[in-house]
Amino acid sequence: MKERIQKILSTRGVASRRQAEAMIEAGRVSCNGQVCVLGQTADPETDVILVDGKPLPTEGKRVYILLHKPRGYVTTLSDEKGRKNAAQLVRDCGVRVYPVGRLDMDSEGLLLFTNDGEFANYLMHPRHQVDKTYKVSVTGYTAGGLEKLKLPVVLDGYTIQAPLVRVIKKPVTEQDKAVMLVTIHEGRNRQVRRMCAMAGMNVTRLIRIQEGPLKLGELECGKWRYLSEDEVASLRK
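Residues numbered from 1 in each chain as written. Predicted model: local features only at pLDDT ≥ 70, side-chain atom pairs only at ≥ 80, totals over all residues. Heavy atoms only, no water.

Draft legend 1. Region of interest: the overall build of the chain. Counting secondary structure elements, the chain contains six helices and 17 strands. Per-residue burial over the chain gives 44% buried out of 237 residues. In the chain, 65% of the contacts between residues at least 6 apart in sequence involve partners at least 24 apart. (Helix = DSSP H or I, 4+ residues; strand = E, 2+ residues; numbered from the N terminus. Buried < 20%, exposed > 50% of the residue type's maximum accessible area, 1.4 Å probe, protein only. Contact = heavy atoms within 4.5 Å.)

Draft legend 2. Highlighting the sheet that holds strand E5 (residues 49–51). Taking strand neighbours across the sheet as the criterion, the four strands line up as E3-E2-E5-E6 in an open arrangement whose pairing is antiparallel. Since the sheet does not close on itself, it has two edges, and those belong to strand E3 (34–35) and strand E6 (54–55), each with one partner. (Pairing = 2+ DSSP bridges.)

Draft legend 3. Representation of the pattern of salt bridges in the model. The final tally for this structure, using the stated rule, is twelve salt bridges. Asp52 is paired through a salt bridge with Arg28; the nearest N and O atoms lie 2.7 Å apart. Linking Asp52 in the loop between E5 and E6 with Arg28 in the loop between helix H2 (17–25) and strand E2 (29–31), this pair joins segments that are 24 residues apart in sequence. Under the relative-accessibility criterion, Asp52 is labelled partly exposed at 46%. Look at Arg28 and you get partly exposed, because its relative accessible area is 37%. For Asp156, the salt bridge is made with Arg188, and the minimal N-O distance between the two is 4.0 Å. Remark: Arg188 occurs in the loop between strand E14 (178–184) and helix H5 (191–198) and Asp156 occurs in the loop between strand E11 (154–155) and strand E12 (158–159); sequence separation between them is 32 residues. A residue is classified by how much of its surface remains accessible, and Arg188, at 31% relative accessible area, is partly exposed. (Salt bridge = Lys/Arg side-chain N within 4 Å of Asp/Glu carboxyl O.)

Nothing here speaks to function; it is all geometry.
Listed below in structure tokens is the structure:
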């Protein structure tokens, strides 16, 4: 049965749907010897589809991983600057997996990896608005800044929903840091850091502790674990 090639790549665990589209646009994908174009369809059972000259992996076991990403690691699969990549920390899982969404280099905490492209696409699609909660340490905290942080703001031409903010540690002096739990409903680039900056606060540490119903818990920094079937099912909801 014919399907869009970006969906085939996603289903086979090559990349997420968006990443597959970028690969096609870059001319890295061919079908029956011809370079593919975005939106092209093919039958994975009868057509020869290659990525960078290599055949697609056969359909295998779907893998879902939760990593406690340390600070200092990027989440892109390749980095022209040669920086440490979070994918290196999960390469001993036995299959090629890729990150679901992003967590910037200076941030740490919960980061999902999978070889299930449809699952990744579902979680990253704006329509599903999977809430994410961060433990955020800031300087420059004020009561007025806190109230401003709780309001909707415009980022990249898009009005984000008002975040949920709870202060768990107030500063005693102006030099002290405040610690807050911030839950956002979207996933704009460096969203929490930019929101805090607009409220007059500077983020000194940011840890993602929850995504949807899934919690980071006591998983050690730099370690990973498989998700249970129940956890995968709860994320799909």
